[in-house]
Amino acid sequence: TPTQIDTGTCWIMNKDSTSTFYYLVYRKAVNNCDGQSDFTGDDDNFFISSNVTTPRNIGKKQIIFTLFNNINDTDPSGFIVLDRESVPDPSLVSCSPDMSTCSTTLATGTGWTRAKLIALDPDGNRYVCVDDSDINTQTGSIYKVNLNGTSATLITGVCDPYWKYTSDNDAVYMQYYDGVNDQTIIQKLSFASGTITTTATDWLTIPNGNYELVGNTTNWLIFKKGTRAVIAVKKSDKTLKELSSADTDPSVLLVWPPGVVRDTVTWNELSAGTPETHDACKWTDNDPSKTCTVSSTWSGYFYRSTINVGQLEPYRYLRTDGVSTDGSTLQLPQGGTLKAIDFTTSTETVLGTVPNDKRLFGVGFGDFVLFNGIGGGESDIFFAEPLLENSLQRVTNTPNNEFIIY
C-alpha cells in the first residue's frame, strides 16, 4: 500500500538502490522548479532510505555516490557528499549511511556548487568532478576517492559536470563541445597514470559539429549528433566509423539517441519510404555494419536477479515489432507486439500487444519489467515477465492523468 511521505507541488529526485538497500533524495521546490542539479534559495534536500523512513532534512547536501567497504557489497557503509553549507568553504565529505553525521572532510574548494561522479575504476576508486560555477566554464577539479571513502586525491587537469563521460577498465573519456570552432573535444584520463592526455588538440578532435559521447564498447567510443547521426571512434587508432547518418544516407530521416550496453549499441531510425517506417537497429563491437528490423522500436532491457558490479549485460533485449507511426512531426512509433530478444540464441518471446496509441520503454531487474507507456495524451504503467509469453499487462488506465516510473 503506498504511503505518502510529504506534500508539495514540484519535486526533483535522486535515487539509488541495491538488492537490500535503497535511498531517495528529493528537493521540495519552494520558489522554482528548474530541473537543475544545484539547489539554491529556500530549496532543501530531504533523505529517506531503508532505515530512515521519516524524511530527514539534509539542507544543501548533495549525495554524489554510495560507499561500500568491498566492491561487491550490497549494504552501504556511507555516502560521499558535496556539502555546500560547510564552513568556511564547501567540501567533499564522508557521511554515515543514515546521513545523520558527516564526520570526515576529504577536500575543500572555494565556491563549489556542483559535483558529478564521472568514473569507477577496476579497484573501486571513484572519480568526481567538482566545480564552482553554474555554467559550463571548464574550470572544475577532478578528485580520486578511494573505495572506503577515507581519502581524496586531486588529479591534474580540468573538468566540468556538464561534460559527457564514459569509462572502461583503463581510462575515463571526457567530451565537450567547442562552439567557437564548431568542434568536439575528447580528453582521456588514464587510471594507471592518473594524468589527463592533453595535447594542442587534446586526445581527439572531431570537426564540424557537436558529437555527444553516449558510451563505449570494448574497442570503440560511441557518439550521437543530435537526431542526425550515430558514429563510433576506435580507441586504439581513433578511426571514425559512421554507424547511421541522416546527413549522408538519404534513406535515413532521423536517428534517435543510441543505448550502449557492453559491446552492443542499439538505436531507432525513421526511414524514408511510403509510408515512413521506424526501424530498430543494432551494431555489436567490430561488426562490419548495422542490422535493422523494419517497423520496430527498442523498448528496453531485462537483467537477471544475480549480476556482478560492472557486468551489466542484459539477459534479454526488449523490442516492439510491427509498430506504426503516430502522424506527428517526428512520426513516433505506436502499437505493435512486444518481444523479449535473446541475442545469443536469437530466441524471441512474445510478451503481448501494445495498445495502438502507446509506445513502451522499461528496464527491469529480477523477474519482471515495469514500462512507461506514453501516447494518446497520457502516460500509463505496464507490466511484463520477459521469460513468460503473453505476460504483458496494463497496470493503469487513467484518462487525463499521468503515471511515470522513476
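From a predicted model like this one, the values you see are computed outputs, not experimental measurements.

What counts and how
- Residues numbered from 1 in each chain as written.
- Predicted model: local features only at pLDDT ≥ 70, side-chain atom pairs only at ≥ 80, totals over all residues.
- Heavy atoms only, no water.
- Phe/Tyr/Trp six-rings, centres within 6.5 Å; stacked < 30°, edge-to-face > 60°.
- Helix = DSSP H or I, 4+ residues; strand = E, 2+ residues; numbered from the N terminus.
- Buried < 20%, exposed > 50% of the residue type's maximum accessible area, 1.4 Å probe, protein only.
- Patch = residues over 30% accessible without salt bridge, like charges linked within 9 Å, V, L, I, M, F, W, Y side chains within 5 Å.
- Areas by Shrake-Rupley, 256 points an atom, 1.4 Å probe, with all protein chains shown as cover.
- Salt bridge = Lys/Arg side-chain N within 4 Å of Asp/Glu carboxyl O.
- Pairing = 2+ DSSP bridges.
- Axes fitted to C-alpha atoms, helices over the stretch in contact; angles between N-to-C directions.
- Disulfide = S-S within 2.5 Å.

1. What about the packing of aromatic side chains?
And then number 1: Summed over the entire model, instances satisfying the criterion amount to 14 aromatic pairs.
And then number 2: Between W163 and Y176, the aromatic rings sit 4.6 Å apart at their centres with planes inclined by 20 degrees, giving stacked as the arrangement. Of this pair, W163 sits in the loop between β12 (152-159) and β13 (164-167) while Y176 is found in strand β14 (residues 171-178), placing the two residues 13 residues apart along the sequence.
And then number 3: Exposure remark for Y176: the relative accessible area of 13% places this residue in the buried category.
And then number 4: Ring centres 6.5 Å apart and planes at 70 degrees place the aromatic pair F302 and Y315 in the edge-to-face group.

2. Points about a nonpolar patch on the surface
And then number 1: There is a patch of nonpolar side chains on the surface, built from F361, V363 and F365 and spanning about 280 Å² of accessible area.
And then number 2: Structurally, V363 is set in strand β33 (residues 359-365).

3. Some remarks on unusual backbone geometry
And then number 1: A cis amide bond links V87 to the next residue, P88, at an omega of 5 degrees.
And then number 2: Its identity is not glycine, yet S346 carries a phi of approximately 65 degrees, on the positive side.
And then number 3: Counting through the fold element by element, S346 comes out in the loop between β31 (337-342) and β32 (347-353).
And then number 4: According to the relative accessible area criterion, S346 is exposed, its value standing at 58%.
And then number 5: Its identity is not glycine, yet N390 carries a phi of approximately 55 degrees, on the positive side.
And then number 6: Tracing the sequence through the fold places N390 in the loop between β35 (378-384) and β36 (393-394).
And then number 7: N390 sits in the exposed class, given a relative accessible area of 62%.

4. Brief notes about the sheet that holds strand β10 (residues 126-131)
And then number 1: Reading across the sheet, the 4 strands line up as β9-β10-β11-β12 and stay open at both edges, with antiparallel pairing between neighbours. The sheet terminates laterally at β9 (114-120) and β12, the two strands that pair on one side only. Adjacent strand axes in the sheet meet at a mean angle of 25 degrees when their direction is disregarded.
And then number 2: Of the pairings in the sheet, the one linking β9 to β10 comprises 6 bridges and is antiparallel in character. Opposite A115, over in β10, you have V130 as the bridge partner.

5. Considerations on the pattern of salt bridges
And then number 1: All told, the structure shown has 18 salt bridges when counted by the stated rule.
And then number 2: A salt bridge links K60 to E85, with the nearest nitrogen and oxygen atoms 3.8 Å apart. With K60 in the loop between β4 (52-59) and β5 (61-67) and E85 in the loop between β6 (78-83) and β7 (91-95), this residue pair connects regions lying 25 residues apart in the sequence.
And then number 3: Relative accessible area serves as the criterion here: at 14%, K60 is assigned to the buried category.
And then number 4: A salt bridge links R394 to D380; its shortest N-O distance comes to 3.0 Å. Pair noted here: R394 is in strand β36 and D380 is in strand β35, with a separation of 14 residues, a long-range link.
And then number 5: Connected through salt bridges with shared partners, the residues D357, K358, E378, D380 and R394 form a single ionic network.

6. Digging into the sheet that holds β36
Where strands meet in a sheet, backbone hydrogen bonds hold them as pairs that are either parallel or antiparallel.
And then number 1: The mixed open sheet is built from 8 strands, whose spatial order is β32-β31-β28-β27-β33-β34-β35-β36. The outermost strands of the open sheet, each flanked by one partner alone, are β32 and β36.
And then number 2: Here 6 bridges tie β31 to β32, and the two strands are oriented antiparallel to one another. Directly across from D342, in β32, lies its bridge partner T347.

7. So, the state of the cysteines
And then number 1: One pass over the full model with this rule turns up 3 disulfides.
And then number 2: In this model, C95 is linked to C102 through a disulfide, with the two sulfur atoms separated by 1.9 Å. As the torsion about the S-S bond is roughly 105 degrees, the C95-C102 disulfide counts as right-handed.
And then number 3: According to the relative accessible area criterion, C102 is partly exposed, its value standing at 26%.
And then number 4: One disulfide in the model links C281 with C292; its S-S distance is 2.1 Å. Since a negative S-S torsion denotes a left-handed disulfide, the C281-C292 link at about 105 degrees is right-handed. Residue C281 is found in strand β25 (residues 277-284), and its partner C292 is found in strand β26 (residues 291-294); the two are separated by 11 residues along the sequence.
And then number 5: Look at C281 and you get buried, because its relative accessible area is 0%.

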